[in-house]
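Tertiary structure, described
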Amino acid sequence: MSLQYRSTRDLKANTISASEAILKGLSADGGLYVPTSIPKIDFDLSELPGFSYKELAFRILKLFYTDFSENELRKCIEHAYGDTFDTNLIAPLSFHGETGYLELFHGPTIAFKDIALQLLPHLMTTAAQKNHLQNKIVILTATSGDTGKAAMEGFADVDGTKIIVFYPKDGVSFIQEQQMLTQKGKNTFIFAVDGNFDVAQTNVKKLLNNEELSRELADNNYQFSSANSINIGRLFPQVVYYFYAYAQMVKQKKITLGSAINFSVPTGNFGDILAGYYAKKMGLPINKLLCASNKNNVLTEFFNEGVYDRNRPFYVTSSPSMDILVSSNLERLLFYINNEDVQATTELMAQLNEHGKYTISSEIKNSLSDFFAAFADEDQTASEISRIYKLDGSVIDPHTAVASYVAKIYEERHSDSTIPTVVISTASPYKFPQSVLIGLHDPAAFESGFIALQALKKKSNLAFPKAIEQLLSKQGSRAKKIISSSDMKKAVKGILFKK
Ligand SMILES: *Cc1c(COP(=O)(O)O)cnc(C)c1O
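Keep in mind that what you see is a predicted model, and the values were worked out from it rather than measured.

Bringing the sheet that holds strand β5 (residues 136-142) into the picture now. Spatial ordering of the open sheet is given by β8-β5-β6-β7-β15, a layout of five strands whose pairing is parallel. Because the sheet does not close on itself, it has two edges, and the strands there are β8 (222-226) and β15 (482-484). Across the sheet, the mean angle from the axis of one strand to that of its neighbour is 30°, orientation sign disregarded. Of the pairings in the sheet, the one linking strand β6 (residues 161-168) to strand β7 (residues 188-194) comprises six bridges and is parallel in character.

Shown next, in the form of structure tokens:
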């Protein structure tokens, strides 16, 4: 039987197709969809360096999206990875010192979420056709800054869709907020929520699972879906670039074919790094996945102590896309380390829901050996930005700096290892100019976002990407709409059901 999807919380193990899972986003029982088995790659590793990004995307994604025809999948990929990226490599690999940096910020919103979100709308509209959907799709998304913009950019003016984005009112950078407020598209809607990202995300999940609201939507020919990284349409496009990074390491003669490498991944919702875990299980030679956190180091504690405890202060940091205390995608990892035991996974998630905390047994903890976890606090993040600048004059963004710092810690602790590390570089430094300038001890760090942008350009000699040029030229910014977190449902109804 070909690969299907089931929920991490469904004891009966009911299955649905990939296209259905893409349309649903989250399972009705609150669980996340996982494939009935993790596929192995069906090509030889030696073929990897010969694949273009698009060809590789096709080879990987056809293993997951098994009910899409070859033609459908190729068309989606063709639409996604075209000229909205500023390089046809899509994900180029650069080096600072001996360490590789996989640059995932060459898309329209200059952060790595473009890689999945340029593709998702096409997967979703194709899935809607395949399933003879009559309803309009309503994308409901909570964002810590990057997802919201990237999702709106992907869905803007896509027929048969509307997208509603919620972001924490004080939790995103100036540039991130400006990017969202200047979004085009009659079908895009944005609200600033009085609360942090976890509040916004928890409420979005509640809305997605609210049966009464779903019925009301259906009565008006709508249905919800999710563009958050819990959607399998987001998750698996991210597997592709792990393979692509490996291929470039071989091509640039940094490794020989078949030898293992590490990836250091700046982690928030655990989507990006989980894609790396899938890549490893599919047959990519990965030694360790380095789970890099900022001061909100709930995951560092989980990997090192076996305790997940969200009862802790929440910090707004210079890497806001990682300011998360409830990492949604970790549920999928729990499912795997518990040997796909639905009951055990459900119980852990219930504990998290009730007590904000759970502990895994030492036996289960042993199966976390694919990972190494550490974090960078704010000073360490800033000093890492400075270290790279002194090394070769390059500027890296704070999220990348967190992963770069953790890669350094790993190397210090394994000084005898010859295994190279690739840092996943998730955003352009221009997305967070003030934080980057703090790392560079530049007083313009304390100026407005626009002045900071110019100062960073001077310091880095890096041309502005298209996204920034547009931001600087674009007028007609929308007004910021702030709502209370308890009014999110009202806001959704106001958009969908107005007479
Ligand atoms: C979303 C994001 C991350 C974290 O990715 P997750 O999949 O949530 O772990 C890291 N860096 C940037 C720039 C992001 O936008």
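With respect to spatial proximity, 15 residues lie near the ligand, and among them Lys113, Asp146, Gly268, Asn269 and Thr426 are the closest. Between the ligand and the protein, one listed contact pairs an oxygen atom with a side-chain N or O atom of Asp146 at 2.4 Å. Separating an oxygen atom of the ligand from a backbone N or O atom of Gly271 is a distance of 3.2 Å. For the ligand, whose accessible area on its own is 380 Å², the fraction buried by protein is 98%.

Before going further, it helps to examine unusual backbone geometry. In terms of backbone geometry, most residues other than glycine have negative phi values and most peptide bonds are trans. One non-glycine residue, His132, adopts positive backbone phi at about 50°. With respect to the helices, strands and loops of the structure, His132 is situated in the loop between α5 (120-130) and β5. Using a relative accessible area of 64% as the deciding quantity, one classes His132 as exposed. Phi at His441 is positive, roughly 55°, even though this residue is not glycine. Examined against the element boundaries, His441 turns out to sit in the loop between α19 (433-439) and α20 (449-460).

A few words now on the nonpolar core. For soluble globular proteins, the rule of thumb is that nonpolar side chains tend to be buried together. Ranked by size, the top nonpolar core spans 115 residues in total, and within it Tyr65 and Phe263 carry the most contacts. The dominant element in this core, judged by the number of residues it contributes, is helix α11 (residues 237-251), at 11 residues. Those residues in contact with Tyr65 that lie beyond four places of it in its chain are Ala18, Ile22, Leu73, Leu123, Ile232, Gly233, Phe236 and Pro237.

We now examine the environment of Leu496. Here Leu496 lies in helix α22 (residues 488-496). C-alpha of Leu496 to C-alpha of Thr381: the two residues are 115 residues apart in sequence and 42 Å apart in space. Ignoring sequence-local partners within four residues, the contact set of Leu496 consists of Val138, Lys162, Leu217 and Tyr222.

All chains considered together, the criterion is met by 28 aromatic pairs. Considering the side-chain rings of Phe236 and Tyr278, the 5.1 Å spacing of their centres and the 80° angle between planes classify their relative orientation as edge-to-face. With a gap of 42 residues between them, Phe236 in the loop between α10 (232-235) and α11 and Tyr278 in helix α12 (residues 271-282) connect regions that are remote in the sequence. Relative to Phe371, the ring of Phe303 lies with its centre 4.9 Å away and its plane at 35°, an arrangement referred to as tilted.

With the rule as written, the count across this model stands at 19 salt bridges. For the salt bridge of Asp170 with Lys169, the shortest nitrogen-to-oxygen distance reads 3.1 Å. A salt bridge links Asp370 to Lys281, with the shortest nitrogen-to-oxygen separation between them at 3.6 Å. Of this pair, Asp370 sits in the loop between α16 (362-366) and β13 (371-375) while Lys281 sits in helix α12, and the two are 89 residues apart along the sequence. Given the relative accessible area of 11%, Asp370 is considered buried.

With that settled, the discussion passes to helix α13 (residues 298-305). Buried within α13 we find Val298, Leu299, Thr300, Phe302 and Phe303. Residues of α13 that are buried sit in contact with β10 (286-293), β11 (307-309), α14 (330-337), β12 (357-359), α16 and β13. Phi turns positive, to about 80°, at Gly306, one or two residues after α13.

Spatial strand order, β3-β4-β14-β9-β10-β13: six strands in an open sheet with mixed pairing. Strand pairing shows two members of the sheet lacking a second neighbour, β3 (93-96) and β13, which therefore form its edges. The mean inter-strand angle of the sheet, taken between neighbouring strand axes irrespective of direction, is 25°. On top of the sheet, α12 reaches β9 (261-266), β10, β13 and β14 (421-425); it is set at about 170° to β10, its chief contact.

Its location among the elements puts Lys490 in helix α22. Between the C-alpha atoms of Lys490 and Asp114, which are 376 residues apart in sequence, the distance is 29 Å.

Turning our attention to the pairing of β9. Among the six residues that make up β9, six are buried, leaving the element largely enclosed by the rest of the structure. What you see with β9 is no split at all: Ile261, Phe263 and Val265 on one side and Asn262, Ser264 and Pro266 on the other are buried throughout. Bridging between β9 and β10 involves five bridges; their strand directions are parallel. Bridging across to β10, Val265 finds its partner in Cys291. Viewed along the sheet, the connection from β9 through α12 into β10 turns out right-handed. Where β9 and β14 come together, three bridges link them in parallel fashion. Residue pairing across strands places Asn262 opposite Thr421, the latter belonging to β14.

How each quantity is defined
- Residues numbered from 1 in each chain as written.
- Predicted model: local features only at pLDDT ≥ 70, side-chain atom pairs only at ≥ 80, totals over all residues.
- Heavy atoms only, no water.
- Pairing = 2+ DSSP bridges.
- Helix = DSSP H or I, 4+ residues; strand = E, 2+ residues; numbered from the N terminus.
- Axes fitted to C-alpha atoms, helices over the stretch in contact; angles between N-to-C directions.
- Near = heavy atom within 4 Å.
- Polar contact = N/O pair within 3.5 Å; in protein donor to acceptor, adjacent residues only side chain to side chain.
- Areas by Shrake-Rupley, 256 points an atom, 1.4 Å probe, with all protein chains shown as cover.
- Buried < 20%, exposed > 50% of the residue type's maximum accessible area, 1.4 Å probe, protein only.
- Core = buried A, V, L, I, M, F, W, Y, C linked by side-chain atoms within 4.5 Å.
- Contact = heavy atoms within 4.5 Å.
- Phe/Tyr/Trp six-rings, centres within 6.5 Å; stacked < 30°, edge-to-face > 60°.
- Salt bridge = Lys/Arg side-chain N within 4 Å of Asp/Glu carboxyl O.
- Right-handed = clockwise from strand over helix to strand, strands pointing away.

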